[in-house]
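What follows is the residue order along each chain.
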Amino acid sequence: AFAWLLAFDSRMCGVAGRAREPLIAQLRFAWWREMLGKLATERPTGEPLLALLANVQQTGVAEAALILIDAWELQIGDDDSDRSRELRVQAVFATYADWVHCSAEQRKLAQMLGLHWAGGMSDSMTSPSRKLRPLSILSLAAQLERRGGRSNGIRLVWHALTGR
């Protein structure tokens, strides 16, 4: 479910990024909203992400995907990047925190990691919490990529193993 959500975020980023005409992107976003609103048996099987979604059993995935659509649609409309980041963090990081039953303190940490991931904060941040390790790895990868143009695999593996 988490991998699907990240793949969907990437796809919506592509829709927003390739939008020469905002109306075309909005039509694509509307199509995705319609498909996510249908039962799994009513969705077309030719779209790979929709086909994968049929196998995802985790609750809240479609709802999080709809939030991602809203986030990326802001990027082509009013260009409200702060609100867009907040929505992406809510869709990916807060949803993950719900799935792994995080405490209130861990949810705040997940929110901060998400803001780092989405580019809303520039200082470095990771989490030693095992429960939040996947989020921390994503956040660190995004931070490393923004600094040097690509992520450092050895640094990410070290963080994945130790939390540092």
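For the structure itself, look to the data block above.
Along every chain, residues carry numbers that run from 1 in the direction the sequence is written. A pLDDT threshold of at least 70 governs which residues receive local features in this predicted model, and a stricter bar of 80 or more applies before side-chain atom pairs are shown or counted, although totals over entire chains, interfaces and linings include all residues. Water and hydrogen atoms play no part in the side-chain values, which are based on all heavy atoms of the structure.

Novice: If you had to explain unusual backbone geometry to someone new, which residues and values would you point to?
Specialist: With a phi angle near 55 degrees, His101 is a residue other than glycine that sits in the positive phi range. Within the secondary structure, His101 is located in the loop between helix 5 (81-99) and helix 6 (104-117). Any residue under 20% of the maximum accessible area for its type is buried, any over 50% is exposed, and the rest in between are partly exposed; the area is computed with a 1.4 Å probe on protein chains only. Taking the relative accessible area as the measure of exposure, His101 reaches 63% and is therefore exposed. Here a helix means four or more residues in a row that DSSP labels H or I, a strand means two or more in a row labelled E, and each is numbered from the N terminus.

Novice: Describe the environment of Arg20, with residues and values.
Specialist: Here Arg20 lies in the loop between helix 1 (2-17) and helix 2 (22-37). Residues Arg20 and Gly119, 99 residues apart in the sequence, show an inter-C-alpha distance of 23 Å.

Novice: Describe helix 5, with residues and values.
Specialist: A helix's residues, less one, multiplied by 1.5 Å, set its expected span. Given a rise of 1.5 Å per residue, 19 residues ought to cover 27 Å, and the 26 Å separating the end C-alpha atoms of helix 5 matches this to within 8%. Bending is quantified residue by residue as the angle between axes fitted to the seven-residue window ending at that residue and the seven-residue window starting at it. Along helix 5, the sharpest change in direction is near 35 degrees and occurs at Gln90. Those residues of helix 5 that fall on the buried side of the exposure criterion are Ser84, Arg85, Leu87, Arg88, Val89, Ala91, Val92, Phe93, Thr95, Tyr96, Ala97 and Trp99. In this description, contact between two residues means that some pair of their heavy atoms is separated by no more than 4.5 Å. Taken together, the buried residues of helix 5 touch helix 1, helix 4 (61-76), helix 6 and helix 7 (133-148).

Novice: Let's hear about the packing of aromatic side chains: which residues, and what values?
Specialist: Each aromatic ring pair is specified by the distance between its two centres and by the angle formed by the two planes. Each pair of aromatic rings taken from Phe, Tyr and Trp, with Trp reduced to its six-membered ring, is defined by centres within 6.5 Å and is described as stacked if the planes are under 30 degrees apart, edge-to-face if over 60, and tilted in the remaining cases. Tallied over the full model, the rule gives 5 aromatic pairs. Aromatic side chains Phe93 and Trp117 sit 5.0 Å apart centroid to centroid with 40 degrees between the ring planes, which places their arrangement in the tilted category. Within this pair, whereas Phe93 is found in helix 5, its partner Trp117 is found in helix 6, the two being separated by 24 residues in sequence. Ring-pair connections join several aromatic residues into one group, and the members of that group are Trp4, Phe8, Trp31 and Trp32. Counted as over-ring charges are cases with an Arg CZ or a Lys NZ within 6 Å of the ring centre that also lie within 35 degrees of the ring normal. Over the aromatic face of Trp117 sits the side chain of Arg88, whose NZ or CZ is 4.4 Å from the ring centroid.

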